[in-house]
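# Residue-level structural notes
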Amino acid sequence: MKIHEYQAKELFKKYRIPIPAGGVAFSADEALMVAGGLGGWPVVVKAQIHAGGRGKGGGVKLARSADEVNKLANEIIGMTLVTHQTGPEGRRVRKVLVEQGLNIRKELYLSIIPDRVTAKIVIMASEAGGMDIEEVAARSPEKIIKVFVNPLLGLQGYHCRQLAYGLNLAPAAIKAFIPMVQNLFRLFVDYDCSLLEINPLVITAAETVIALDAKINFDDNALFRHQDILAFRDVDEEDPLEVEASKFNLNYINLEGNVGNMVNGAGLAMATMDLIKQAGAEPANFLDVGGGASADMVENGLRIILSDKNVKGILINIFGGILRCDTLATGVVEAARKTGIKVPVVVRMEGTNVEAGRRILAESGLSLVAAADLKDAACKVAAIVK
Amino acid sequence: MSIFVNKDTRVVVQGITGKEGQFHTRNCAAYGTQVVAGVTPGKAGQTVDAIPVFNTVADAVRQTGADCSLIFVPPPFAADAILEAADAGIRLMVAITEGIPVLDMMKVKNAIEGKPVRLIGPNCPGIITPGEAKIGIMPASIHTPGGPIGVVSRSGTLTYEVVHQLTQQGIGQTTCIGIGGDPVNGTNFVDCLAAFEKDPDTSGVVMVGEIGGNAEETAAEFIQKHMTKPVIGFIAGLTAPPGRRMGHAGAIISGSSGTAQAKIAAMKAAGIHVCENLGALGDLCGKVFK
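From a predicted model like this one, the values you see are computed outputs, not experimental measurements.

With that out of the way, let us pick up the overall build of chain A. For chain A, the count of helices and strands is 13 helices and 18 strands. The C-alpha extent of chain A, read off along each of the three principal axes, is 80 × 50 × 40 Å. Sorting the 386 residues of chain A into buried and exposed places 55% on the buried side. When contacts within chain A are restricted to residue pairs at least 6 apart in sequence, long-range pairs at least 24 apart make up 68% of them. Carbon and sulfur atoms make up 52% of the accessible area of chain A, which totals about 16400 Å². If you average the places of the 43 positive and of the 45 negative side-chain charges in chain A, the two averages end up 2 Å apart.

So, on to the sheet that holds strand β6 (residues 96-100) of chain A. Residue and element names in this part refer to chain A. Pairing in this open sheet of 4 strands is antiparallel, and the strands run β1-β6-β2-β3 from one edge to the other. Where the open sheet ends on each side, the last strands, each with one partner, are β1 (22-25) and β3 (60-63). Pairwise comparison of adjacent strand axes, ignoring direction, gives a mean angle of 20° for this sheet. Pairing geometry for strand β2 (residues 43-47) and β3, over 4 bridges, is antiparallel. Bridge pairing links Val 44 to Leu 62 in β3.

Attention now moves to the domain arrangement of chain A. Looking at the assigned domains, one finds that chain A contains domain 1 (1-20 + 103-237), domain 2 (21-101) and domain 3 (239-385). Distance from the C-alpha centre of domain 2 of chain A to the C-alpha centre of domain 3 of chain A: 42 Å.

Reports often express the size of an interface as the amount of accessible area lost when the parts come together. All names here are of chain B. The assigned domain composition of chain B is domain 1 (1-122) and domain 2 (138-290). Taking the mean C-alpha position of each, domain 1 and domain 2 sit 25 Å from one another. Facing the 16 residues of domain 1 at the interface are 22 residues of domain 2. For the domain 1 and domain 2 pair, buried surface summed over both sides reaches about 1600 Å², with 59% attributable to carbon and sulfur atoms. Contact with domain 2 buries surface across domain 1, with Met 1, Ile 3 and Lys 109 losing the most and accounting together for 34% of the total. Across the contact surface, domain 1 and domain 2 share 1 salt bridge. Taking the shortest distance from any N to any O, the salt bridge between Asp 191 and Arg 118 comes out at 3.9 Å.

Attention now moves to the packing of helix α5 (residues 157-166) of chain A against helix α6 (residues 171-190) of chain A. Residues and elements named next belong to chain A. Viewed as axis vectors pointing N to C, α5 and α6 meet at an angle of 135°, and their least axial separation amounts to 10 Å. Taken together, the axes of α5 and α6 are oblique relative to one another. Of the two possible hands of crossing, α5 and α6 adopt the one that is right-handed. Residues Cys 160, Arg 161, Leu 163, Ala 164 and Tyr 165 of α5 touch α6, and the partners they reach there are Ile 174, Phe 177, Ile 178, Val 181 and Gln 182. Each residue belonging to the contact of α5 with α6 can be placed in one class, and the counts come to 8 nonpolar, 1 polar and 1 charged.

Calculation criteria
Residues numbered from 1 in each chain as written. Chains lettered and ligands numbered in written order. Predicted model: local features only at pLDDT ≥ 70, side-chain atom pairs only at ≥ 80, totals over all residues. Heavy atoms only, no water. Helix = DSSP H or I, 4+ residues; strand = E, 2+ residues; numbered from the N terminus. Buried < 20%, exposed > 50% of the residue type's maximum accessible area, 1.4 Å probe, protein only. Contact = heavy atoms within 4.5 Å. Areas by Shrake-Rupley, 256 points an atom, 1.4 Å probe, with all protein chains shown as cover. Lys, Arg positive; Asp, Glu negative; His and termini not counted. Charge placed at Lys NZ, Arg CZ, Asp CG, Glu CD. Pairing = 2+ DSSP bridges. Axes fitted to C-alpha atoms, helices over the stretch in contact; angles between N-to-C directions. Domains from an automatic or database assignment. Buried area = accessible area lost by both parts, 1.4 Å probe. Salt bridge = Lys/Arg side-chain N within 4 Å of Asp/Glu carboxyl O. Parallel < 35°, antiparallel > 145°, perpendicular 65-115°, else oblique. Left-handed = near helix turned anticlockwise from the far one by under 90°. Nonpolar A, V, L, I, M, F, W, Y, C, P; charged D, E, K, R; others polar.

Structure below.
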């Protein structure tokens with residue numbers, strides 16, 4: 001789960017991680033009020049969306065007066081911000097973070113992530129702050145310091161020293177940096193973060209260390225023990241169909257193509273998308289109804305696929321294991337009865353209770369296209385949408 | 001022969017009295033698997049289809065000689081269940097549970113490292129040696145006993161698809177293992193490939209990967225250096241958009257790493273027979289393995 005920068009900074013505050021003075025604003029008037037309370041110019045007006053690259057996209061601007069704050073806030077709130085992470089359609093900005101401008105001496109990079117290969121928590125830091133860290137990693141990997149923390153032992157003093165000295169910090173900055181890293185690590189573990197990133201982390205002219213930016217993602221699997229984080233969810237940042245699907249515990253991702261597809265199991269669902277593409281069409285979605293899906297879930301999944309206006313044909317690919325083919329067939333028939341399926345549907349079923357499933361579909365009176373195997377299914381649906 | 005499990009494997013089911021636990025215990029036992037015990041805290045003395053239930057894994061091991069545990073415990077308590085089994089002297093833990101927090105799994109992985117135990121999963125369909133033992137949730141009917149092909153996969157239903165196509169080609173399986181779709185798991189591709197290479201009854205392997213991480217690249221390197229048996233590889237997720245979690249917690253392209261294209265390139269470079277179209281996998285197996 002993703003949250004906004006201003007929400008991540010609320011957590012930083014709770015963990016005594018230094019951030020610039022500031023506040024969130026949903027209108028130009030609110031932005032003026034926040035700016036007025038900061039006690040000095042310039043201030044920074046930052047668009048709040050769940051995507052990186054906001055600065056380059058024109059969503060982060062410096063204001064030197066109340067008039068400028070008013071003008072910039074009016075411009076940014078309501079704009080459609082396009083960055084390398086939003087896709088060409090961009091994202092509508094609904095709020096800004098207004099913060100005190102700082103006298104910056106140096107920009108650093110710091111992040112914490114779980115490393116899947118070593119099963120350790122990795123802290124990464126670099127003197128090349130403010131840049132795309134993937135680019136730094138590709139061009140000059142020696143500029144990135146990594147320390148690996150065993151989650152059973154936790155963060156040790158030497159980890160922090162390796163980072164501090166590796167970043168060539170002055171003694172005054174080291175004194176501020178080490179407790180900050182300890183607090184960040186505590187936050188990371190306490191909240192089951194899957195990414196905690198500060199880019200840039202700045203050293204000010206006065207040698208203080210301040211998190212100018214803040215990005216936190218959470219492990220969805222751990223949200224059950226962090227009910228307070230759920231309040232941070234912003235459904236405006238999510239695809240409406242994906243929000244709808246999440247209500248039914250369906251793994252749905254909206255894509256750009258026109259072949260809707262419903263599959264059980266994530267791996268088979270991905271492979272089915274690939275097959276659609278290889279047959280010359282484009283998948284409109286990823287939808288894994290899960291190993292133990294009920295007829296109800298199948299029905300809702302189909303309804304969500306059908307509400308995507310781009311969908312011109314549907315491929316249902318089920319390998320019955322725990323999800324039995326008759327359960328699937330019942331769900332399809334229900335969905336057809338309730339919503340009316342107006343696009344052609346190709347069905348490929350195999351596995352548990354396949355005969356019963358085929359019988360239910362055949363007796364339903366629905367005009368479904370049966371497929372003999374995977375290849376056949378992909379070719380048939382691709383031919384339909386052409 | 002087979003790898004990791006056979007007809008002598010003695011299974012304790014953790015979470016046996018739950019809905020899923022009961023359902024799959026029945027199916028495993030019906031297949032011929034020796035399910036000798038179950039564990040649900042507070043339910044010692046009960047039985048599930050005449051299988052005795054114990055409060056702790058330690059009790060189950062002591063009284064039944066179980067050496068393998070099949071875990072259906074819900075995510076908040078699953079790490080605890082795995083560690084309990086490891087401490088009780090279980091040598092093989094098969095964790096079916098989907099949705100265990102990554103931090104929990106990282107702790108488990110570090111805790112069992114160096115111990116004489118193997119963890120398969122989590123978030124996996126389990127392991128089956130056709131004709132001998134089914135320790136998991138896979139549909140039994142699609143498998144063909146007797147080998148000579150081993151299957152190892154990160155996905156559940158995709159494994160069923162592969163096994164089904166093998167069976168349709170008249171090719172049997174020695175052992176089929178789902179290693180799970182989570183970013184941090186116990187047994188990896190290399191562990192399984194090494195075991196298949198050693199198993200005299202296995203003459204080739206189908207390896208099924210997907211986007212995210214670099215387990216397939218590591219496996220390709222191992223295959224090139226250490227395997228004499230032919231390997232067919234398939235990678236799901238060529239059309240997956242970057243930065244999105246494709247159902248499995250571990251199936252995500254981060255920045256430019258973990259793409260299907262990179263994995264396929266690494267596998268081809270290592271001399272693996274890469275199948276790029278799932279519909280054609282059976283045919284390729286027929287050609288390579290016969």
